[in-house]
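# Analysis of the macromolecular model
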Amino acid sequence: MADIGITVTLDRPFDEAVDTVVAALAREGFGVISRIDLDKAFAEKLGEAFRRYTILGACNPRLARTAVTARPEVGLLLPCNVVVEEQGAGALVRIVDAGQMMAMGDLATTPEIAELARDAGAKLGRVADALGAA
């Protein structure tokens, strides 16, 4: 099975980890356009407790515009998801692999999409590197 993302462990409390991830994404041109707190949704909808688990929808507007202009159906895969999950006293961060994401179907056969996946992958890789050094 192919890796679908990059994993980084942060030795900091959950809320601080989320803030650190958002700041690292911003430095690479990504804004967080959605936030899903699964733990809260599970508590509200299912009445069940769950560890803190947040999905951040990260979007680089320039890359997203290029993608949906070249192949409108790529919008089904946007935004790039980043997960922050409570793990003991720290947090586990998972960042989607843009190359794997754009490999679905025949998307990567479109030159603009292949280039976009490389660019997004490099940016998200730098986010992971920054988090690993944080």
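As a reminder, the structure under discussion sits directly above these lines.
Below, the structure is looked at part by part. Note that the coordinates shown come from a computational prediction; the quantities given were computed from them, not determined experimentally.

Before going further, it helps to examine unusual backbone geometry. In most cases, non-glycine residues show a negative phi, while peptide bonds are predominantly trans. At the junction of Leu78 and Pro79, the peptide bond is cis and its omega measures out at -5 degrees in the coordinates. Along the chain, Pro79 falls in the loop between helix 3 (61-70) and strand 4 (80-87).

Bringing the pattern of salt bridges into the picture now. Two side chains that carry opposite charge are able to pair once their charged atoms sit near each other. Evaluated as defined, the whole model comprises eleven salt bridges. For Lys45, the salt bridge goes to Glu44, with nearest N and O atoms at 3.4 Å. Per residue, the accessibility class of Lys45 equals that of Glu44, and both read exposed. Linking Glu85 and Arg94 is a salt bridge whose minimum nitrogen-to-oxygen distance equals 2.5 Å. On the basis of relative accessible area, Glu85 is assigned to the buried category, the value being 8%. One continuous salt-bridge network, built from bridges that share partners, spans Arg35, Asp37 and Lys40.

Take helix 5 (residues 111-133) next. Over its 23 residues, helix 5 extends 33 Å from the first C-alpha to the last, a length consistent with the 33 Å expected when each residue adds 1.5 Å. Along helix 5, the residues that are buried comprise Ile113, Ala114, Leu116, Ala117, Ala120, Lys123, Leu124, Gly125, Val127, Ala128 and Leu131. The elements touched by buried residues of helix 5 are strand 1 (5-10), helix 1 (14-27), helix 3, strand 4, strand 5 (90-96) and helix 4 (98-102).

What counts, and where the lines are drawn
- Residues numbered from 1 in each chain as written.
- Predicted model: local features only at pLDDT ≥ 70, side-chain atom pairs only at ≥ 80, totals over all residues.
- Heavy atoms only, no water.
- Helix = DSSP H or I, 4+ residues; strand = E, 2+ residues; numbered from the N terminus.
- Salt bridge = Lys/Arg side-chain N within 4 Å of Asp/Glu carboxyl O.
- Buried < 20%, exposed > 50% of the residue type's maximum accessible area, 1.4 Å probe, protein only.
- Expected span 1.5 Å × (residues − 1).
- Contact = heavy atoms within 4.5 Å.

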